[in-house]
Amino acid sequence: MSMSMGNKFSNPSAQVNQSMNQMKTFGFAAGAQTAKNQSRQSVVMEAGPVVSGETGEIDMQFFDKKFNFSTTNNKFADELITNAKRLGGQPGKGILATDESNYTIGLRFEGVGVESSLENRTQYRSMLYRDPSIGKYFSGAIMFDETARATDKDTGKTNIQLLNEAGVLPGIKIDIGLKEIPGTFGEVATQGLDNLPDKAKEYYEMGIRFAKWRAVIKIDEANGCPSNQHIMEIAHSLARYGACCQHAGLVPIIEPEVLMDGAHSIETCYKWSDIVLQKVVEQLKAQNLLLEGLCLKPNMVTKGLDHPSQNDPEQVAYYTCKNLAKNLPASVPGVTFLSGGQSEL
């Protein structure tokens, strides 16, 4: 993640000045501040999450290699870092979500009088993937399992090949849905950890390079939601999923989504979004994930859908950025958001 830079203080010593310039190379804002003891100066660093999609930068990945520094035994580390920056660190590009299940896409086809056959589902997706211009707008595409295994009838190429040729990273929805957690008031846990290492390995061998796993948290304070039990489950399972993916070569999208359902205030949403993200990051670190090799997909902090007043975009931006600035490590290269759910008014 590249950072904003600025020199706030004047007349630094030559040694401090060299340190500041080097920190700017690493992507940090730096300035020399004269201490109370006039013979000493301290270096002040500031970081702001402004990602860059430029390639060939001299960044922390470059210096990790130069100094042979590693905090992981993952053989895919360098590839994960590179792909995570491609996926989440390119301004102006989004991630194309084409991972509807057969059931969901069947409902959509039914609405327009189209049979939900394997051929129609495949061609519907391949029609998008075979357009080489999609690489101008998307860094990655999330697919359903059937889509990832399919071959385009027109070109004879697999969907994964089409995406690669367009410069789009192929991704996969790797969870298998939600189930209620016993002993809670309707809170749900994401399923799919069983055999996940084997699934992730197979997907990597197919050419998939990132994965999506959605975890949802509802706000219903009158009924004790979210509960500590649920937050603990969400944080732990997201980290376990992430670790399984990274050790198979897949960049995990970490998605703790606090739902907009309800009439809660934006302050209440911020309170719970703060707690959830804090606990998720704690688990990512505790389970030794490579933070440089993942992307975060949190919720925006908003009022509940049933709140009597509309969201103020400036307020949404403020609370959302406040949550990220407080809890997100600067080493995470990208943050993405769900495009739907909010009114355009």
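None of these values were measured; they are calculated from a predicted model.

Asker: Could you give me a rundown of the packing of aromatic side chains, with the residues and numbers involved?
Answerer: All chains considered together, the criterion is met by five aromatic pairs. Seen from their ring centres, F109 and Y124 are 5.4 Å apart, and the 85° between their planes marks the pair as edge-to-face. Separated by 15 residues along the polypeptide, F109 in helix α4 (residues 102-111) and Y124 in helix α5 (residues 118-129) bring together distant segments of the chain. Residue F109 is classed as buried on the basis of its relative accessible area, which comes to 7%. In this structure Y124 comes out as partly exposed when scored by relative accessible area, which is 35%. An angle of 20° between the planes, with centres 5.1 Å apart, marks the rings of W213 and Y241 as stacked. Taken together, the residues span a long stretch of sequence, with W213 in strand β8 (residues 210-217) and Y241 in helix α9 (residues 228-246) at a distance of 28 residues. For the pair W213 and Y241, one class covers both residues: buried. Its end group placed over the ring of Y204, R209 keeps NZ or CZ at 3.8 Å from the ring centre.

Asker: Describe the nonpolar core, and please don't skip the residues or the numbers.
Answerer: Formed by 68 residues in total, the largest nonpolar core has its most connected members in I174, I208, L238, Y241, L250, I254 and L284. Those residues within four positions of I208 in sequence are excluded, and the remaining contacts are M143, A148, I160, P170, G171, I172, Y203 and L250.

Asker: An account of the packing of helix α10 (residues 266-286) against helix α11 (residues 313-327) is needed here, citing residue identities and associated values.
Answerer: Two elements in contact, α10 and α11, have axes whose closest approach is 9 Å; the angle formed by their N-to-C orientations is 25°. When the axis of α10 is compared with that of α11, the two are roughly parallel. Note that α10 runs across α11; the crossing there is right-handed. Touching I266, E267, Y270, S273, D274, L277, Q278 and V281 of α10 are Q315, V316, Y319, K322, N323, L324, K326 and N327, all from α11. Grouping the constituent residues of the contact of α10 with α11 by class yields seven nonpolar, five polar and four charged.

Asker: Please give an account of the side chain of T190 that cites residues and values.
Answerer: Looking at the element boundaries, T190 is found in strand β7 (residues 188-190). Looking at T190, its side chain comes within polar contact range of the main-chain oxygen of R214, at 2.7 Å.

Asker: Run through the environment of V281, naming residues and quoting values.
Answerer: Positionally, V281 belongs in helix α10. The spacing of V281 and L238 is 43 residues in sequence and 9.8 Å in space, taken between C-alpha atoms. Every residue in contact with V281, bar those within four places of it in the chain, is listed here: N327 and P329.

Asker: How would you explain unusual backbone geometry if you had to name every residue and give the values?
Answerer: At the junction of C225 and P226, the peptide bond is cis and its omega measures out at 0° in the coordinates. Mapping P226 onto the fold places it in the loop between β8 and α9. For N195, which is not a glycine, the phi torsion comes out positive at approximately 65°. Mapped onto the secondary structure, N195 falls in the loop between β7 and α8 (196-206). Relative accessible area serves as the criterion here: at 56%, N195 is assigned to the exposed category. Even without being a glycine, N288 presents a positive backbone phi close to 60°. Mapping N288 onto the fold places it in the loop between α10 and β10 (295-296).

The rules we used
Residues numbered from 1 in each chain as written. Predicted model: local features only at pLDDT ≥ 70, side-chain atom pairs only at ≥ 80, totals over all residues. Heavy atoms only, no water. Phe/Tyr/Trp six-rings, centres within 6.5 Å; stacked < 30°, edge-to-face > 60°. Helix = DSSP H or I, 4+ residues; strand = E, 2+ residues; numbered from the N terminus. Buried < 20%, exposed > 50% of the residue type's maximum accessible area, 1.4 Å probe, protein only. Lys NZ or Arg CZ within 6 Å of the ring centre and 35° of its normal. Core = buried A, V, L, I, M, F, W, Y, C linked by side-chain atoms within 4.5 Å. Contact = heavy atoms within 4.5 Å. Axes fitted to C-alpha atoms, helices over the stretch in contact; angles between N-to-C directions. Parallel < 35°, antiparallel > 145°, perpendicular 65-115°, else oblique. Left-handed = near helix turned anticlockwise from the far one by under 90°. Nonpolar A, V, L, I, M, F, W, Y, C, P; charged D, E, K, R; others polar. Polar contact = N/O pair within 3.5 Å; in protein donor to acceptor, adjacent residues only side chain to side chain.

Any link to function would need more than the numbers given here.
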